[in-house]
Amino acid sequence: MNIFRLLGDVSHLVAIIILFLKIWRSKSCAGISGKSQMLFALVFTTRYLDLFTSFISIYNSVMKVVFLVLAYATVYLIYTRFRSSYDSENDSFRVEFLLIPVAGLSFLENYDFAPLEILWTFSIYLESVAILPQLFMITKTGEAESITTHYLFFLGLYRALYLANWVWRYHTEAFFDQIAVVSGVVQTIFYCDFFYLYVTKVLRGSNKMTLPMPV
């Protein structure tokens, strides 16, 4: 564990808590992509199956349980508790265009052709693109509430810190996980335009981040 990994985990947790509290306190999931949240729940499920087969540390186990609980609690709020506020019309990204290629790639490119390893690889690939339905929804509606953009910012910060973590581990441990690093870079690229808009619009006091409407 190094400072970049720790801060990355904290940023990831903060992002999920921000989203959960936003929905719970406002009693609305308007502007939130249920499809992205379902994909993230699937990411945690397929990645943390080793929770039942191996023990690394109390910290590791607790974080896995917290991420799983919050992910499925968020999905529950969106699709059950506050379903009437869910904008299914604009949450229209075709997730099969992500799931099918990711599943195929996880069978072709992995470190070991074993069930848990393939599912772990699937989770890494899927996480790199799971945010796309949310970004697509923001682009389609043309705006996002500041609380939603804070959520996205901390998710992006988590990925950036994990890139720093991999650089640190490469130089201090000679450790390099090609699948995780490449997927993390791809995911970070998706956030680049968002980071610029976040800094120039949200941090300057706007309650909403307005984007150019798609043609």
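Keep in mind that this is a model prediction, so the values were computed, not measured. (Residues numbered from 1 in each chain as written. Predicted model: local features only at pLDDT ≥ 70, side-chain atom pairs only at ≥ 80, totals over all residues. Heavy atoms only, no water.)

### Let's talk about the side chain of S28
Argument step 1. Take S28: it is sitting in the loop between α1 (3-26) and α2 (34-47).
Argument step 2. Discounting chain neighbours no more than four positions away, the residues touching S28 are K22, I23, F82 and S85. (Helix = DSSP H or I, 4+ residues; strand = E, 2+ residues; numbered from the N terminus. Contact = heavy atoms within 4.5 Å.)

### Section: the UniProt feature "transmembrane region" (unreviewed entry) in the protein chain
Argument step 1. Residues given the UniProt feature "transmembrane region" (unreviewed entry) here are residues 6-24, 36-56, 62-79, 120-139, 151-168 and 180-199.
Argument step 2. Here residues 120-139 is 90% helix and 0% strand, with 30 Å between the C-alpha atoms at its ends.
Argument step 3. Summarising residues 151-168: 100% helix, 0% strand, and an end-to-end C-alpha distance of 26 Å. (UniProt positions renumbered as here; feature names shortened; annotations may be inferred.)

### Observations regarding helix α3 (residues 58-81)
Argument step 1. Taking 1.5 Å of rise per residue, the 24 residues of α3 would be expected to cover 34 Å, and the 32 Å separating its terminal C-alpha atoms lies within 8% of that figure.
Argument step 2. All buried positions along α3 are accounted for by N60, S61, M63, K64, F67, L68, L70, A71, T74, V75, L77 and I78. (Expected span 1.5 Å × (residues − 1). Buried < 20%, exposed > 50% of the residue type's maximum accessible area, 1.4 Å probe, protein only.)

### Quick notes on the packing of aromatic side chains
Argument step 1. Enumeration over the complete set of coordinates arrives at 12 aromatic pairs.
Argument step 2. Between the aromatic rings of Y170 and F176, the centroid separation amounts to 6.3 Å while the plane-to-plane angle is 75 degrees, which identifies the pairing as edge-to-face.
Argument step 3. Here the aromatic cluster, defined as three or more aromatic residues joined through ring pairs, consists of F20, W24 and F82.
Argument step 4. Across the ring face of W24, the terminal group of K27 is positioned such that the distance to the ring centre comes to 5.9 Å.
Argument step 5. Across from the ring centre of F175, 3.8 Å away, lies the NZ or CZ of R169, which sits over that ring. (Phe/Tyr/Trp six-rings, centres within 6.5 Å; stacked < 30°, edge-to-face > 60°. Lys NZ or Arg CZ within 6 Å of the ring centre and 35° of its normal.)

### Overview of a nonpolar patch on the surface
Argument step 1. On the surface, M1, I3, L6, L7, V10 and Y59 cluster together to form a nonpolar patch covering roughly 540 Å² of accessible area.
Argument step 2. Tracing the chain through its elements places M1 in the segment before α1. (Patch = residues over 30% accessible without salt bridge, like charges linked within 9 Å, V, L, I, M, F, W, Y side chains within 5 Å. Areas by Shrake-Rupley, 256 points an atom, 1.4 Å probe, with all protein chains shown as cover. Salt bridge = Lys/Arg side-chain N within 4 Å of Asp/Glu carboxyl O.)

### A short note on the nonpolar core
Argument step 1. Of all hydrophobic cores here, the largest spans 47 residues; its most connected members are I23, F44, L126, I131, Y151 and L155.
Argument step 2. Broken down by element, this core gets its largest block of residues, 8 residues, from α3.
Argument step 3. Setting aside residues up to four positions removed in sequence, I23 forms contacts with S28, C29, I32, T74, L77, I78 and F82. (Core = buried A, V, L, I, M, F, W, Y, C linked by side-chain atoms within 4.5 Å.)

### A look at the confidence of the model for the protein chain
Argument step 1. Averaged over every residue, the pLDDT of the protein chain is 88; residues scoring 70 or more account for 87%.
Argument step 2. Averaged pLDDT values for the elements of the protein chain fall to 57 in strand β2 (residues 208-210) and rise to 97 in α2. (pLDDT = per-residue confidence, 0-100.)

### Some words on the environment of N2
Argument step 1. As for its placement among the helices and strands, N2 is situated in the segment before α1.
Argument step 2. Judged by its relative accessible area of 12%, N2 falls in the buried class.
Argument step 3. Here the alpha-carbon distance between N2 and R169, two residues 167 residues apart in the chain, equals 8.6 Å.
Argument step 4. Apart from residues lying up to four places away in sequence, N2 is in contact with N165, W168 and R169.

### Some points on unusual backbone geometry
Argument step 1. Positive phi, close to 55 degrees, is recorded for K27, a residue that is not glycine.
Argument step 2. Position of K27 among the secondary structure elements: in the loop between α1 and α2.
Argument step 3. Taking the relative accessible area as the measure of exposure, K27 reaches 55% and is therefore exposed.
Argument step 4. At A174, a residue that is not glycine, the phi angle is positive and equals roughly 60 degrees.
Argument step 5. Looking at the element boundaries, A174 is found in the loop between α7 (146-173) and α8 (178-200).

### Description of helix α5 (residues 115-129)
Because the α-helix completes a turn every 3.6 residues, residues three or four places apart line up on one side.
Argument step 1. Counted at 1.5 Å a residue, the expected span for α5 with its 15 residues is 21 Å, and the 22 Å between its end C-alpha atoms agrees.
Argument step 2. Taken together, the buried positions of α5 are I118, T121, F122, S123, I124, Y125, L126, E127, S128 and V129.

### Concerning the environment of F44
Argument step 1. Relative to the assigned elements, F44 resides in helix α2.
Argument step 2. Excluding its chain neighbours within four sequence positions, the residues that come into contact with F44 are H12, I16, F67, L68 and A71.

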